[in-house]
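Residues per chain are reported as follows:
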Amino acid sequence: MTTQPTPAANPVLRVPPASPAAAAAHFGASLAFHADVSDVEAALSADGDPGFVLLDSRSTASWDQGHVPGAVHLPTALIPEQARNLLDPAVPVVTYCWGPGCNGAARAALALAELGYQVKEMLGGFEYWVREGFEFETWEGHERRDADPLTAPVDSGDCGC
């Protein structure tokens, strides 16, 4: 009798999933480091203090092109010398940059953490803020674009996540 070879695992399961305990630790830690744009927008639009400062870590030219209303502008390179003048060390900071293809928000969060600030990174950055249909500011005033149906529900403010 001939033994049949064991089929190779598919690409997804070639490396088996982590144990439930390891997965819980990983994803719990991830949520401690990240916030998404819809959660940030909900916190900023609710009545009262959101409990954090939103920081745009991009260049002045990028800021002028568009930014989240109410954000503090502090380019990453200037954080070591200017953070203490603009940010209260007792208030958590949420950083953002252009979008998922940019690690500027992570670099800004690192610089702030090294100065003793509690930080989170806003996943998706300014790109997803705009793509989800939230209001933004430019040097010309306030703007809003229709939500991209590939990134946000078009008929509801809640994606159900």
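In the block above lies the structure referred to throughout.
The structure displayed is predicted, hence computed values, not measured ones.

A. Spatial organisation of the nonpolar core. If you look at the biggest cluster of nonpolar residues, it comprises 16 residues, and the most contacted ones within it are Val-40, Leu-54, Val-68, Tyr-96, Met-122 and Trp-129. Counting residues per element, this core draws most heavily on helix 6 (residues 125-131), which supplies three residues. With residues up to four places along the chain from it excluded, the contact list for Leu-54 reads Val-40, Leu-44, Val-68, Ala-71, Val-72, Val-94, Tyr-96 and Met-122. Among the nonpolar cores identified, the runner-up in size contains 12 residues, and Ala-108, Ala-109, Ala-111 and Val-119 belong to it.

B. Geometry of the environment of Ile-79. In this fold, Ile-79 is placed in helix 4 (residues 79-86). In this structure, the C-alpha to C-alpha distance between Ile-79 and Pro-100, residues 21 residues apart in sequence, is 21 Å. Look past the residues within four positions of Ile-79 in its chain and what remains in contact with it is Leu-74, Ala-108, Ala-111, Leu-112 and Leu-115.

C. Inspection of the sheet that holds strand 5 (residues 119-123) at higher detail. As summarised here, the arrangement of the five strands in space is 1-5-4-2-3, forming an open sheet in which the pairing is parallel. At either end of the open sheet lies a strand with only one pairing partner, and these are strand 1 (34-36) and strand 3 (72-73). Lying over the sheet, helix 1 (residues 20-33) contacts strand 1 and strand 5, oriented at roughly 95 degrees with respect to strand 5.

D. The arrangement of the side chain of Thr-76 in detail. Mapped onto the elements, Thr-76 comes out in the loop between strand 3 and helix 4. By relative accessible area, Thr-76 is classed as buried at 18%.

E. Focus on the side chain of Ser-57. Mapped onto the fold, Ser-57 is located in the loop between strand 2 (53-56) and helix 3 (60-65). Residue Ser-57 is classed as buried on the basis of its relative accessible area of 7%. Excluding residues within four positions of it along the chain, Ser-57 makes contact with Leu-74, Pro-75, Thr-76, Tyr-96, Cys-97, Gly-104, Ala-105 and Ala-108.

Quick notes on the rules
- Residues numbered from 1 in each chain as written.
- Predicted model: local features only at pLDDT ≥ 70, side-chain atom pairs only at ≥ 80, totals over all residues.
- Heavy atoms only, no water.
- Core = buried A, V, L, I, M, F, W, Y, C linked by side-chain atoms within 4.5 Å.
- Buried < 20%, exposed > 50% of the residue type's maximum accessible area, 1.4 Å probe, protein only.
- Helix = DSSP H or I, 4+ residues; strand = E, 2+ residues; numbered from the N terminus.
- Contact = heavy atoms within 4.5 Å.
- Pairing = 2+ DSSP bridges.
- Axes fitted to C-alpha atoms, helices over the stretch in contact; angles between N-to-C directions.

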